[in-house]
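# What the coordinates show
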Amino acid sequence: MERERKIVAKKFVRLTFSSCVVLLLAIAVVTIVVDPFFHFHKPIQGMHYYLDDDNERYFNDGILRHFDYDTIIQVAQ
Amino acid sequence: MLFNSYIFVLLFLPVSLSVFYGISKKYIDRSIIKNCKVSSDNRTQSSNKSKLLCLISSSLFFYSFQKPWYTLILIVSVLFNYICSWLICKSTKRLWLVLGLAGNILLLFLFKYASFTVSNLQHLVGADLTFPSIVLPLGISFYTFQQIGYLIDVYRCTVNGELVEDSFLEYASFVTFFPQMVAGPIVSRAEFLPQLPKSHRFDYEYFARGIEIFIFGLAKKVLLADVFGTAVDWGFSNIEKMNSTDAIIVMLCYTLQIYFDFSGYSDMAVGLGKMFHLDLPWNFDSPYKSRSITEFWRRWHITLGRFLREYVYIPLGGSRKGNGKTYRNLLIVFVLCGIWHGAAWTFFLWGLIIAILVCLEKAYDKVLNRLPGWLNWFRTFLTLNLLWILFRSPTLGEAWTFCRITLNLSFLKPSPKLYSSFYTAEFYKMFINIPGGFADRFPWLLMFTYLAVGLWIVLGCKNTKAKSEQPFTVRRSIWCAILLAWSIVSFTGVSPFLYFNF
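Overview of the structure. Source: prediction; values computed, not measured.

### Here's the deal with helix α9 (residues 204-237) of chain B
Residues and elements named next belong to chain B.
- Over its 34 residues, α9 runs 47 Å from end to end, which matches the ideal 50 Å to within 8%, given 1.5 Å per residue.
- Along its length, α9 reaches its greatest deviation from straightness, about 35 degrees, at Ala225.
- Among the residues of α9, the N-terminal cap falls to Asp203, whose side-chain oxygen and the backbone nitrogen of Glu205 are separated by 2.7 Å.

### Focus on the interface of chain B and chain A
- Each side of the interface is counted separately: chain B has 23 residues, and chain A has 18 residues.
- With both chains or domains summed, chain B and chain A bury close to 1700 Å², and 80% of this area falls on carbon and sulfur atoms.
- The interface formed by chain B and chain A includes 0 salt bridges.
- Taken together, chain B and chain A are joined by 1 residue pair in polar contact (both at pLDDT 80 or more).
- Looking at the side of chain B that touches chain A, the elements that each hand over two or more residues are α9 and α23 (474-489) of chain B.
- The biggest single contributor to the side of chain B that touches chain A is α23(B), with 11 residues.

### A short note on unusual backbone geometry
- Here the residue pair B:Gly184 and B:Pro185 is connected by a cis peptide bond, since its omega of 5 degrees sits within 30 degrees of zero.
- Here B:Pro185 shows up in the loop between α7 (178-181) and α8 (189-192).
- Look at A:Asp35: it is not a glycine, yet its phi comes out positive at around 45 degrees.
- Within the fold, A:Asp35 resides in the loop between α1 (2-34) and α2 (60-66).

### Let's talk about the packing of helix α5 (residues 140-159) of chain B against helix α12 (residues 302-313) of chain B
Residue and element names in this part refer to chain B.
- As a packed pair, α5 and α12 sit with axes 11 Å apart at the nearest point and diverge in direction by 40 degrees. Classified by the angle their axes make, α5 and α12 are oblique. Considering the relative orientation of α5 and α12, their crossing is left-handed. From α5, Phe145, Ile148, Gly149, Ile152, Asp153 and Arg156 reach across to α12, where they touch Leu304, Phe307, Glu310 and Tyr311.
- Grouping the amino acids of the contact of α5 with α12 by side-chain chemistry returns 6 nonpolar, 1 polar and 3 charged.

### Focus on the pattern of salt bridges
All names here are of chain B.
- This structure, assessed with the given rule, holds 14 salt bridges over all chains.
- For the salt bridge of Lys221 with Asp261, the shortest nitrogen-to-oxygen distance reads 2.9 Å. One end of the pair, Lys221, is in helix α9; the other, Asp261, is in helix α10 (residues 244-275), and 40 residues separate them in sequence.
- Assessed through its relative accessible area of 1%, Asp261 is described here as buried.
- Overlapping salt bridges bring together Arg209, Glu212 and Arg476 as one network.

### Focus on helix α13 (residues 322-341) of chain B
Residue and element names in this part refer to chain B.
- End to end, α13 covers 29 Å across 20 residues, agreeing with the expected 28 Å (1.5 Å per residue, within 8%).
- Among all positions of α13, only Thr326, Asn329, Leu330, Val333, Phe334, Val335, Cys337, Gly338, Trp340 and His341 are buried.
- Those residues of α13 hidden inside the fold are in contact with α4 (94-125), α5, α11 (293-299), α12, α14 (345-363) and α16 (373-392).

### Some points on the side chain of B:Thr245
All names here are of chain B.
- Inspection of the secondary structure assignment puts Thr245 in helix α10.
- Its relative accessible area of 12% is what places Thr245 among the buried residues.
- Looking at Thr245, its side chain comes within polar contact range of the main-chain oxygen of Leu412, at 2.5 Å.
- When residues no more than four places from it in sequence are discounted, the contact partners of Thr245 are Phe411, Leu412 and Pro414.

### Considerations on the environment of B:Asn408
All names here are of chain B.
- For Asn408, the position within the fold is in the loop between α17 (396-406) and α18 (416-419).
- Taking relative accessible area as the criterion, Asn408 reaches 52% and is therefore assigned exposed.
- For the pair formed by Asn408 and Ala247, sequence separation is 161 residues and the distance between their alpha carbons is 9.6 Å.

### Quick look at the packing of aromatic side chains
Residue and element names in this part refer to chain B.
- Under the definition given, this model contains 75 aromatic pairs over all chains.
- The interplanar angle of 85 degrees and the centroid separation of 5.7 Å between the aromatic rings of Phe178 and Phe276 together place this pair among those described as edge-to-face. One end of the pair, Phe178, is in helix α7; the other, Phe276, is in the loop between α10 and α11, and 98 residues separate them in sequence.
- Each ring, one from Tyr254 and one from Trp388, has its centre 6.3 Å from the other, and the planes form 80 degrees; the classification is edge-to-face. Of the two residues, Tyr254 is situated in helix α10 and Trp388 in helix α16; the sequence distance between them amounts to 134 residues.

### Examining the environment of A:Leu64
Residues and elements named next belong to chain A.
- Relative to the helices and strands, Leu64 is located in helix α2.
- Leu64 sits 40 residues away from Leu24 along the chain, and the two C-alpha atoms are 28 Å apart.
- Ignoring any residue separated from it by four or fewer positions in sequence, one finds Leu64 in contact with Tyr69, Ile72 and Gln74.

### Quick notes on a positive patch on the surface
- Judged by side-chain charge, B:Arg320, B:Lys321, B:Lys325 and B:Arg328 come together as a positively charged surface patch.
- Note on placement: B:Arg328 falls in helix α13.

### Thoughts on the state of the cysteines
- Going through the model one piece at a time under the given rule, you end up with 0 disulfides over all chains.
- For the unlinked cysteine A:Cys20, the closest cysteine sulfur is that of B:Cys480, found at 10 Å.
- On the basis of relative accessible area, A:Cys20 is assigned to the buried category, the value being 4%.
- Of the cysteine sulfurs around B:Cys253, a residue in no disulfide, the closest is that of B:Cys403, at 16 Å.

### Examining the side chain of B:Lys112
Residue and element names in this part refer to chain B.
- Relative to the elements of secondary structure, Lys112 occurs in helix α4.
- Buried within the structure, Lys112 lacks any salt-bridge partner; its nearest side chain of opposite charge belongs to Asp261, at an N-O separation of 15 Å.
- Here the side chain of Lys112 touches Ser141 through a polar contact of 2.5 Å, side chain to side chain.

What counts as what
Throughout this description, residue numbers start from 1 for each chain and increase along the sequence as written. Think of it this way: whatever chain is written first is A, whatever ligand is written first is 1, and the rest follow in order. Given that this is a predicted model, residues contribute local features only at a pLDDT of at least 70 and side-chain atom pairs are listed and counted only at 80 or more, while totals for whole chains, interfaces and linings are drawn from all residues. Remark: hydrogens and water are excluded; side-chain values derive from all non-hydrogen atoms of the structure. Starting at the N terminus, helices and strands are each numbered in turn, a helix being any DSSP run of H or I of at least four residues and a strand any DSSP run of E of at least two. Here the expected span of a helix is defined as 1.5 Å times the quantity of residues minus one. We define the bend at each residue as the angle formed by axes fitted to the 7 residues ending at it and the 7 residues starting at it. By the criterion applied in these results, polar contacts are pairs of N or O atoms within 3.5 Å in which, for protein atoms, one can donate a hydrogen and the other can accept it, and in which residues neighboring in sequence qualify only through two side-chain atoms. Here a residue-residue contact requires only that any non-hydrogen atoms of the pair lie within 4.5 Å. Here the buried area means the combined drop in accessible surface, using a 1.4 Å probe, for two parts upon being joined, counting both sides. A side-chain nitrogen of Lys or Arg and a carboxyl oxygen of Asp or Glu constitute a salt bridge if their distance falls within 4 Å. Think of each axis as a best-fit line through the C-alpha atoms, taken over the contacting stretch in the case of a helix, with angles from 0 to 180 degrees between the N-to-C directions. To sort the angles, those under 35 degrees are grouped as roughly parallel, those over 145 as roughly antiparallel, those from 65 to 115 as roughly perpendicular, and the leftovers as oblique. Left-handed is the label given to a crossing in which the near helix is rotated counterclockwise from the far helix by less than a right angle, and right-handed is the label when the rotation is clockwise. Residue classes follow a fixed rule: Ala, Val, Leu, Ile, Met, Phe, Trp, Tyr, Cys and Pro count as nonpolar, while Asp, Glu, Lys and Arg count as charged, and any other residue, Gly among them, counts as polar. Note on classification: 1.4 Å probe, protein chains only; a residue is buried when its accessible area is under 20% of the maximum for its type, exposed when over 50%, partly exposed between these limits. Aromatic contacts are taken between Phe, Tyr and Trp rings whose centres are within 6.5 Å, Trp giving its six-membered ring; a plane angle under 30 degrees counts as stacked, one over 60 as edge-to-face, and the others as tilted. Patches here: salt-bridge-free residues with over 30% relative accessible area, like charges joined within 9 Å, nonpolar side chains (Val, Leu, Ile, Met, Phe, Trp, Tyr) joined within 5 Å. Surface exposure here means Shrake-Rupley accessible area, sampled with a 1.4 Å probe, where a residue is shielded only by the protein chains that are shown. Charged-residue counts in this description rest on Lys and Arg as positive and Asp and Glu as negative, His and the chain ends being excluded. Taken as the charge centre is NZ of Lys, CZ of Arg, CG of Asp or CD of Glu, depending on the residue. Here, the term disulfide refers to a pair of cysteine sulfur atoms separated by no more than 2.5 Å.

In short, shape yes, function no, at least from these values alone.
Right, dumping it as structure tokens:
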């Protein structure tokens, strides 16, 4: 019984940590791909982006770095 | 350093565990290779010293991470108490015990109560007295009480003729062990020190339990307590603007916040202890399921209740010297409990009211036992909710205003600022995108969902202690992984634990 419980506990630890790592990686990948604030790349064609009224200033950095433009005026208070 | 932070979960904890078990493994392997040429006593002593040094240094690093000067006070306190305990062991004179207790109480008074006392004296006698405002060192109430308990236990042992051979390293580990130093549980000498000399080979059973318990505690704090906390902060900053619906909801939110925050911390402490192969006592046992205030204090902050019972209530005579003295002793214990939480009249009154209620329950025990269980539960839960208002309010005046608004029972719609506190990053977008304008028609639905889930967990579910006795399953492992990942991505901003204030 003692040996059985140890194996189960070991499996529990490994399964918990590996599942957690997979979940965190999945969250990271989705964040990078969807990239709602354009921090990693320019907008993907065909994808709809929601420009939140309360968080407009957080888009500025991403727009500056990734959008194609000739001239840009950015304002933040 | 907070348990609910990236640096703790992803860096400090893995490193300190690796070093701790690395040291243990080194001494176990070395003894196997040498085929017992090193005597077991020498091996154990060397292994122990290294392990204890590892625990102490990681604990001091943890403690000093944000404010290094707190560590100086801690070190002075540890040295002072160890010297007192050494003197007690040498001569068994009560003088050294009294000196030790006086030193601890003076330290606590200086940092916690001096300013409050001086300002009240100023109002009372009209004198122009000032006392510099001193920042309360983190965990001082907890580690001071723990050391007071240690001194009394050592004195009792020496009076009974028992040998006390706690080394300085063992004592320092006992006081500074980082999972419990800052906000409890208040551990006793008898339950911690005998665990230290054991050989701490890595044990998957202990480690798995520790992880499971730690994750449950972390989730309680990050996913629940902090959400309710946003609503509570709004409520107590806008007492006059609330209607009675808001006040009742904020009252419930605080009831849930303080439980999830403190029990979450305690669970994390127990879980971390198990990861180091050390058993710490449980501090909570489903307190909101209690059917009396007396029962509540056997389930809430169990180690503080135990401390007050062992070192205050029983030495005063307990319940052995007639009803009058029993009520007096209960009054002293609960007023002390109240003011232990902080230097304010709200805490004093909170403790006093609890004392009166406990005395009344004792006096009318037979009558109350005849009532249906649900009615006893309801009156207890309602009383606790109202008392938490007093506990949380900055002043007596605000507490009174809050209670008055709560009991107004006008039942208007909840304020937008209140229900929008529950528009968390995880659920807000999903909620507003429900088709049919659902969020516009029922904007408070997310708030009531959180309240319902919170109440279901505290009243309907098994607590962490009960869950930790169940066997490991794949489903539980996946659930723990989800909670851990969810908690880690929720580590935004700084959200210290409520009991750090005490």
